[in-house]
Amino acid sequence: MEPRADIAVIGLAVMGQNLILNMNDHGFTVVAYNRTVSKVDEFLANEAKGTNILGAHSLQEMAGLLKKPRRVMLMVKAGQAVDDFIEQLLGVLEPGDIIIDGGNSLFEDTIRRTQYVESKGLFYIGTGVSGGEEGARRGPSIMPGGSPAAWPHVKPIFQAIAAKVTDPKTGAQEPCCDWVGEGGAGHYVKMTHNGIEYGDMQLICEAYHIMKDGLGMTPDEMHEVFKEWNEGELKSYLIEITRDILAKKDDDGTPLVDKILDTAGQKGTGKWTVISSQELGIPITLIAEAVYSRCVSALKDQRVEAAKHFPPGDPRFAGDRQQWINDIRKALYASKIISYTQGYMLMRAAAQHYGWNLNYGGIALMWRGGCIIRSVFLGEIKKAFDKNPSLENLLLDPFFKKAIKSCVRSWRKVVSTAVRKGIPVPAFSTALAFFDGFRSERLPANLLQAQRDYFGAHTYERVDRPRGEFFHTNWTGTGGRVASGSYTV
Ligand code: 2AM
């Protein structure tokens, strides 16, 4: 067997097959392998017919076909399957070879696997691949992290197959793929992408809900609104598909969207984002509300019962419809700025905690095309980080600062009216609450610290003394004078 293949891909579900076909289109020779080996032959006889794609019927055969250092990419179910394959691959590969996991793995698993594979003298890459089946075939967003030494060997393949966006300044085609960072950084950024995706979808759903119930609009009318929105600052894949979904008719000619049961599913990456935010102490309130909103939607039977006990009032918004549509667009835009601000705060905290040197502008570029949250908005984030690579907080960038200021009146109007009319807007309103909290020089946490010191002697700092000096008060005159030793932030 002559080693002539550039890369192997293990896992012939649709994502794996499409990535292989994409690599083949770009002139790379790929070996395909799958646990159920019959799928290799099926693939070669059908989708891969007439291409340069090779098949292997064992991992040994696969390894023999690969040029060195060998590059083997796993596109298998996240979890045990990845660990099992790593174990088997360690038996057929050699030091210097590279194992890549392109599945939706939890970043903590990727941290562990990177260390493990490196301890055997091989290299490891855990990479986010976003864009669904179509993205995998035509150009996904790819977010690789892991062993830095492996990146130069993988870069030409990944950047060739990734989505491309045009740099507005130079006109050059930039790949939506760059090195993210060490260990689990790639999968962390992909997880955050998915969390932000949850947020974006929820925001669009809240805008739809207000237009539907508050303004009494039909799907066709809302289709027109989303069409218009997709020509402005909200232009994005998710607005575009929403536009098309609203125009879609069922077989009987009525809007299909009205026939779809209102209970949302989830696979877990939004939840992981929220769990990580809790561990790092970062308020990604909007993504959290988006995850919980799916949970509320799933309680369909209970909601149907509760609706009988608490029937809705008249949800109609008074006033000019076109004006409201403008206000809703601004509420959506401002909330979206908050969501991305929170997402970037989370990545910044994770980078510090896990020791990753994240390139924030590069991440915006990777998300700019190919993936589900792709949008012109991410181009603005990229610009903000290009202008100021050490930008601490997106809200403080002049462009976003001005944008929020121009939206804030409409945002308050939409949230307060929705609240009065009983239309739930958890993401719009939590975004506004975060904004108001974040821009408050003084919050009521002074009282909270007093309460903690009262019942638990947790101590407090004073406004008239330097930070880091802790005080305890004997609030009742009967407690001890000793502060709690277990004080933690
Ligand atoms: P299969 O075709 O043999 O089921 C998506 O499910 C991909 O992950 C498929 O290629 C599938 O292989 C593979 N896969 C799922 N669970 C696996 C496991 N425990 N071990 C190996 N491959 C697995």
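Scroll up to find the structure.
The notes below deal with the structure included here. (Residues numbered from 1 in each chain as written. Predicted model: local features only at pLDDT ≥ 70, side-chain atom pairs only at ≥ 80, totals over all residues. Heavy atoms only, no water.)

## Digging into the packing of aromatic side chains
The cut-off we apply is this: Each Phe, Tyr or Trp ring (for Trp, its six-membered ring) is paired with any other whose centre lies within 6.5 Å, and the angle between the two planes then decides the class: stacked below 30 degrees, edge-to-face above 60, tilted in between. Numbering goes from the N terminus for both helices and strands, where a helix is a DSSP run of H or I of at least four residues and a strand is a run of E of at least two. We call a residue buried when its accessible area falls under 20% of the maximum for its residue type, exposed when it is over 50%, and partly exposed in between, using a 1.4 Å probe and counting protein chains only.
Scanning all chains against the criterion turns up 22 aromatic pairs. When the ring of F226 is compared with that of W229, the centres are 5.1 Å apart and the planes differ by 65°; the resulting orientation is edge-to-face. Note that F226 and W229 are positioned in helix α9 (residues 219–229) at a spacing of three residues, about one turn of the helix. The class for F226 is buried, based on a relative accessible area of 0%.

## Notes on the state of the cysteines
Quick note on the threshold: Two cysteine sulfurs form a disulfide in these notes if their separation is within 2.5 Å.
By the definition in use, this model includes zero disulfides. Among the cysteines around C176, which has no disulfide bond, C371 carries the closest sulfur, lying 7.3 Å off. Taking the relative accessible area as the measure of exposure, C176 reaches 0% and is therefore buried. Here C177 stays free of any disulfide, with the sulfur of C176 as its closest cysteine sulfur at 8.9 Å.

## Digging into the pattern of salt bridges
Keep this limit in mind: Salt bridges, as used here, are contacts in which a Lys or Arg side-chain nitrogen is within 4 Å of a carboxyl oxygen on Asp or Glu.
Considering all chains together, one arrives at 30 salt bridges under this definition. Of the charged contacts, one joins R412 and D436 as a salt bridge, the two residues approaching to 2.7 Å between their closest N and O atoms. Of this pair, R412 sits in helix α17 (residues 398–421) while D436 sits in helix α18 (residues 426–438); the two residues are 24 residues apart in sequence, bridging distant segments of the chain. Classification of D436 as partly exposed rests on a relative accessible area of 21%. One salt bridge connects R462 with D464, and the closest N-O pair in it is separated by 2.8 Å. The class of R462 is partly exposed, set by a relative accessible area of 37%. Three or more residues joined by partner-sharing salt bridges are found here, namely D83, D101, D109, R112 and R113.

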